[in-house]
Structures are given as structure tokens and as C-alpha cells.
Amino acid sequence: GDSVTQMEGPVTLSEEAFLTINCTYTATGYPSLFWYVQYPGEGLQLLLKATKADDKGSNKGFEATYRKETTSFHLEKGSVQVSDSAVYFCALTPFSGGYNKLIFGAGTRLAVHP
Amino acid sequence: DAGVIQSPRHEVTEMGQEVTLRCKPISGHDYLFWYRQTMMRGLELLIYFNNNVPIDDSGMPEDRFSAKMPNASFSTLKIQPSEPRDSAVYFCASSLMSAAGANVLTFGAGSRLTVL
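As a starting point, this report considers the structure included with it.

Considerations on the nonpolar core
Here comes step 1: Core analysis: the largest hydrophobic core is formed by 27 residues, its most contacted members being A:Leu19, A:Trp35, A:Leu47, A:Leu48, A:Phe73, A:Leu75 and A:Tyr88.
Here comes step 2: Listing elements by their share of this core, those giving two or more residues are strand E2 (11-14), strand E3 (19-21), strand E4 (23-26), strand E5 (32-38), strand E6 (44-50), strand E8 (62-65), strand E10 (86-93) and strand E12 (108-113) of chain A.
Here comes step 3: Among the elements that line this core, the one with the most residues is E10(A), at four residues.
Here comes step 4: When residues no more than four places from it in sequence are discounted, the contact partners of A:Leu47 are A:Trp35, A:Tyr36, A:Val37, A:Asn59, A:Lys60, A:Phe62, A:Leu75 and A:Tyr88.
Here comes step 5: Within the second largest apolar cluster, 21 residues are counted, among which are B:Ile26, B:Leu46, B:Met60 and B:Leu113.

Below, the structure written as C-alpha cells:
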């Protein structure tokens, strides 16, 4: 079945370091891909998305490119801040007309230190 | 819009008691989801509704769990009787299916349940 695999955390970085969180997926057809972020004590919120191959989603300095050839959607940020400390979830939704279900990865915890 | 509203935010109860969690989705959204989050199992989809109709409840752990959506603005998740292993954060989320087929979920802040 469809699934998402993320790199295990925690990822610990110093402020202004470069961030990469790896995400690969298994799916039939052409899924849409997402990154959600969960700050401490809060629900998940959408960070960025891409709906077709080679699309680049971006928001708040974060970017991810939909790579169909490598079935990947890695999250990157050039310079992280302490406020980016959170848990990041990669997710997909199968593209199957009328079907509407997000499949999440296990989440990767990011801790950024001053 | 105030977003997805969940209540209670925190619930502590004793084993065997009935627990009811409530959710008010964003007005106009046609999908509603209930998720459970634990350290051991991560995020699990329990059930989702489309236009108030349950579509997929395969994630509901057992008969002790039930969910209803009597109208477009309200849903409940009930656990009866509750057990310590039900302790988790329960999230409600809603979305509007776009014509392109990609959906964006808006999550509530969650209900943290502790069963003693």
C-alpha cells in the first residue's frame, strides 16, 4: 500500500545551519505531497505542498521538490532559526478521484539551538 | 473563521469511564477526520467523514470507539469503556476537497486524554 518514510530524528542543529529532512514515498499513480509542521502543544499545520512531478513547494524559507524519478520530497531550509524547532511530517494523498486521505510519515523532530 | 475547535483540551478519567471528545470543523469544509497521536504509533487515522457520512472507519481500534457527525458543524468521538492504552492526543481535522484532487487539512489543537 501507499506509505511515507522519513529520516529518524531528532535532528539537532545550531541556528543558521542548513537543514535537510529526507522523505521518500511509495504510491501508485500520481500522489500529492505535503509537509506539515507541529509546534509544541499544537496541532499540525500545513507548511508546503506539491501536486505534480517537478513542482516545488515553498513557505517560510522552507522548500521541497516533488521528484518522481526518486520518489522523494526532501525538506530543506538554508538557515534555520530557534523558532523552527518542531516536529515535521511528510505526507501524501493518493490521487484517486474523490478519495481524500492523508498518509503521514512518522515525523522528524528538529531542535535548533542558539 | 476560528479554525477547527476541539473540546475538551485535556481530559483525565478513570478506566471504565465513558469519554466524549467534540469537534467543530471549519464552516464549509466537507471532510472531517479524527486522528490519534501517540509516541509509539505516531499519527493514526481513525475515521473520516464526507458530507457528514462516515467513509472509512477501518482505523477505529475496536468496538469501544465510535464516531458520529450529526450535522456539518459538529462531530463526536466516543470511547466506552475507556482503557489506559487509549491515552493519547486526539486530533480533529477538516478539509475542502479541491477540484485538483489535492486536499489541505486544517487541524484542531487536539484533546489530550489520560486514562488512569
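Considerations on the interface of chain B and chain A
Here comes step 1: With 21 residues of chain B at the interface, the matching set in chain A holds 20 residues.
Here comes step 2: Note on chain B versus chain A: buried area summed over both sides is about 1,600 Å², and carbon and sulfur give 56% of it.
Here comes step 3: When the area that chain B buries against chain A is broken down by residue, the three leading residues are B:Leu43, B:Asn103 and B:Phe107, summing to 26%.
Here comes step 4: Our enumeration of links across chain B and chain A arrives at zero salt bridges.
Here comes step 5: For the interface between chain B and chain A, the tally reads three residue pairs in polar contact (both at pLDDT 80 or more).

Remarks on the sheet that holds E8(A)
All names here are of chain A.
Here comes step 1: Spatial strand order, E3-E9-E8-E7: four strands in an open sheet with antiparallel pairing. Each edge of the sheet is formed by a strand with only one pairing partner; in this case those strands are E3 and strand E7 (56-59). Between one strand and the next, the sheet's axes are offset by a mean angle of 15 degrees, whatever the strand orientation.

Let's talk about the pattern of salt bridges
Residues and elements named next belong to chain B.
Here comes step 1: All told, the structure shown has eleven salt bridges over all chains when counted by the stated rule.
Here comes step 2: The partner of Glu18 in a salt bridge is Lys78, and the shortest N-O contact between them spans 3.9 Å. In this pair, Glu18 sits in the loop between strand E2 (10-13) and strand E3 (19-24) while Lys78 sits in strand E8 (residues 74-79), placing the two residues 60 residues apart along the sequence.
Here comes step 3: Assessed through its relative accessible area of 30%, Lys78 is described here as partly exposed.
Here comes step 4: For Arg64, the salt bridge identified is with Glu83, shortest N-O distance 3.5 Å. Remark: Glu83 occurs in the loop between E8 and strand E9 (88-95) and Arg64 occurs in the loop between strand E6 (53-56) and strand E7 (65-71); sequence separation between them is 19 residues.
Here comes step 5: With relative accessibility at 9%, the residue Arg64 sits in the buried group.
Here comes step 6: Exposure remark for Glu83: the relative accessible area of 23% places this residue in the partly exposed category.

Notes on the pairing of strand E1 (residues 3-6) of chain A
Residues and elements named next belong to chain A.
Here comes step 1: Residues of E1 alternate between two faces, with Val4 and Gln6 buried on one and Ser3 and Thr5 left unburied on the opposite face.
Here comes step 2: Sheet topology note: the E1/E4 ladder contains four bridges and is antiparallel. Bridge pairing in E4 links Val4 to Tyr25.

Focus on unusual backbone geometry
Here comes step 1: Between A:Gly9 and A:Pro10 the backbone carries a cis peptide bond, its omega angle lying at 0 degrees.
Here comes step 2: Relative to the helices and strands, A:Pro10 resides in the loop between E1 and E2.
Here comes step 3: Residues B:Gln80 and B:Pro81 are joined by a peptide bond in cis, for which omega reads -5 degrees.
Here comes step 4: Mapped onto the fold, B:Pro81 is located in the loop between E8 and E9.
Here comes step 5: Backbone geometry at A:Asp54 places phi at a positive 75 degrees, although glycine is not the residue there.
Here comes step 6: Take A:Asp54: it is sitting in the loop between E6 and E7.
Here comes step 7: A positive phi angle, close to 55 degrees, is found at A:Lys60, a residue other than glycine.
Here comes step 8: Following the sequence through the fold, A:Lys60 ends up in the loop between E7 and E8.

Examining the environment of B:Gln37
Here comes step 1: As for its position among the elements, B:Gln37 is in strand E4 (residues 31-38).
Here comes step 2: Assessed through its relative accessible area of 16%, B:Gln37 is described here as buried.
Here comes step 3: Expressed as a C-alpha distance, the spacing of B:Gln37 and B:Arg112, which sit 75 residues apart in the sequence, is 9.4 Å.
Here comes step 4: Those residues in contact with B:Gln37 that lie beyond four places of it in its chain are A:Gln38, A:Phe89, B:Gly42, B:Leu43, B:Ala88, B:Val89 and B:Phe91.
Here comes step 5: In terms of polar contacts, B:Gln37 uses its side chain to reach the side chain of A:Gln38, at 3.0 Å.

About the thresholds
- For every chain, the first residue of the written sequence is number 1, and numbering continues from 1 onward in sequence order.
- To read the labels, note that chains go from A and ligands from 1, taken in the order they are written.
- Restriction of local features to residues with pLDDT of at least 70 applies here, the model being predicted, together with a cutoff of 80 or more for giving and counting side-chain atom pairs; totals for whole chains, interfaces and linings are based on all residues.
- To get the side-chain values, take all heavy atoms of the structure and skip hydrogens and water.
- By nonpolar core we mean a set of buried residues, namely Ala, Val, Leu, Ile, Met, Phe, Trp, Tyr and Cys, connected to one another through side-chain atoms within 4.5 Å.
- Per-residue accessibility, obtained with a 1.4 Å probe over protein chains only, is compared with the maximum for each type, and a residue is labelled buried under 20%, exposed over 50%, and partly exposed between these values.
- Here a helix means four or more residues in a row that DSSP labels H or I, a strand means two or more in a row labelled E, and each is numbered from the N terminus.
- Here, two residues are considered to be in contact whenever any of their heavy atoms come within 4.5 Å of each other.
- The quantity reported as buried area is the accessible area (1.4 Å probe) lost by two parts once they are put together, taken as the sum for both.
- Every case where a carboxyl oxygen of Asp or Glu lies within 4 Å of a side-chain nitrogen of Lys or Arg is listed as a salt bridge.
- Here a polar contact means two N or O atoms within 3.5 Å. Within protein one must be a hydrogen donor candidate and the other an acceptor candidate, and residues neighboring in sequence count only if both atoms are side-chain atoms.
- Here the rule is simple: two strands pair whenever DSSP picks up at least two bridges between them.
- To define axes, lines are fitted to C-alpha atoms, for helices over the stretch in contact only, and angles between the resulting N-to-C directions are given on a 0 to 180 degree scale.

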